[in-house]
Amino acid sequence: MHNNCRNHKTKKREEKEYKDLMNRLNRIEGQVRGIKRMVEEEVYCPDILVQVSAVNSALNSFSKVLLDNHMNTCVVENIQKGNMEVIEELTATLKKILK
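Please read these numbers as outputs of a predicted model, since none were measured by experiment.

The first and last C-alpha atoms of helix α1 (residues 15-40) sit 37 Å apart over 26 residues, in line with the 38 Å expected at 1.5 Å per residue. Looking only at α1, the buried set comprises Glu17, Leu21, Arg24, Ile28, Gly34, Ile35 and Met38. Of the residues flanking the end of α1, it is glutamate 42, one or two places downstream, whose phi is positive at about 55°.

Following this line, the structure appears as structure tokens:
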């Protein structure tokens, strides 16, 4: 993980991880475009809601994969280097996303 300044950290991802995340995001983006098209075509509300639920599920799955990757790389590497602040950062992040 590259620490430029506290609020602007970056991470160089392995090719496999990058491709997986991008594929997931591309599918989600396609699903959202499909929902937009459904609204434009005046599709019945329950049918749109089912598709919205599918997008929410896909985003949750993306978040789980990203969190797993983060914990197994950034968090582990920082702890091994003695940087225990990463635990506080992880806790703060989890509080934000688990509202």
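Direction vectors running N to C along α1 and helix α2 (residues 45-80) enclose 165°, while the axes themselves pass 10 Å from each other. Overall, the two elements α1 and α2 adopt an arrangement that is roughly antiparallel. Like other packed secondary-structure pairs, α1 and α2 cross with a definite hand, here left-handed. A breakdown of the residues in the contact of α1 with α2 according to their chemical character gives 16 nonpolar, 4 polar and 4 charged.

Once that is clear, we can look at unusual backbone geometry. A positive phi angle, near 55°, is found at glutamate 42, a position not held by glycine. Residue glutamate 42 is classed as exposed on the basis of its relative accessible area, which comes to 70%.

We now examine a nonpolar patch on the surface. A grouping of Tyr18, Met22 and Leu25 is seen on the molecular surface, where their side chains present a nonpolar patch of about 260 Å² in accessible area. Given the relative accessible area of 46%, tyrosine 18 is considered partly exposed.

With that settled, the discussion passes to the environment of asparagine 83. Following the sequence through the fold, asparagine 83 ends up in the loop between α2 and α3 (85-97). For asparagine 83 and glutamine 31, which are 52 residues apart along the polypeptide, the C-alpha to C-alpha distance reads 39 Å. Polar contacts involving the side chain of asparagine 83 include one to the side chain of asparagine 78, which spans 2.8 Å. Polar contacts involving the side chain of asparagine 83 include one to the main-chain amide nitrogen of glutamate 85, which spans 3.1 Å.

Rules and cut-offs
- Residues numbered from 1 in each chain as written.
- Predicted model: local features only at pLDDT ≥ 70, side-chain atom pairs only at ≥ 80, totals over all residues.
- Heavy atoms only, no water.
- Helix = DSSP H or I, 4+ residues; strand = E, 2+ residues; numbered from the N terminus.
- Expected span 1.5 Å × (residues − 1).
- Buried < 20%, exposed > 50% of the residue type's maximum accessible area, 1.4 Å probe, protein only.
- Axes fitted to C-alpha atoms, helices over the stretch in contact; angles between N-to-C directions.
- Parallel < 35°, antiparallel > 145°, perpendicular 65-115°, else oblique.
- Left-handed = near helix turned anticlockwise from the far one by under 90°.
- Nonpolar A, V, L, I, M, F, W, Y, C, P; charged D, E, K, R; others polar.
- Patch = residues over 30% accessible without salt bridge, like charges linked within 9 Å, V, L, I, M, F, W, Y side chains within 5 Å.
- Areas by Shrake-Rupley, 256 points an atom, 1.4 Å probe, with all protein chains shown as cover.
- Salt bridge = Lys/Arg side-chain N within 4 Å of Asp/Glu carboxyl O.
- Polar contact = N/O pair within 3.5 Å; in protein donor to acceptor, adjacent residues only side chain to side chain.

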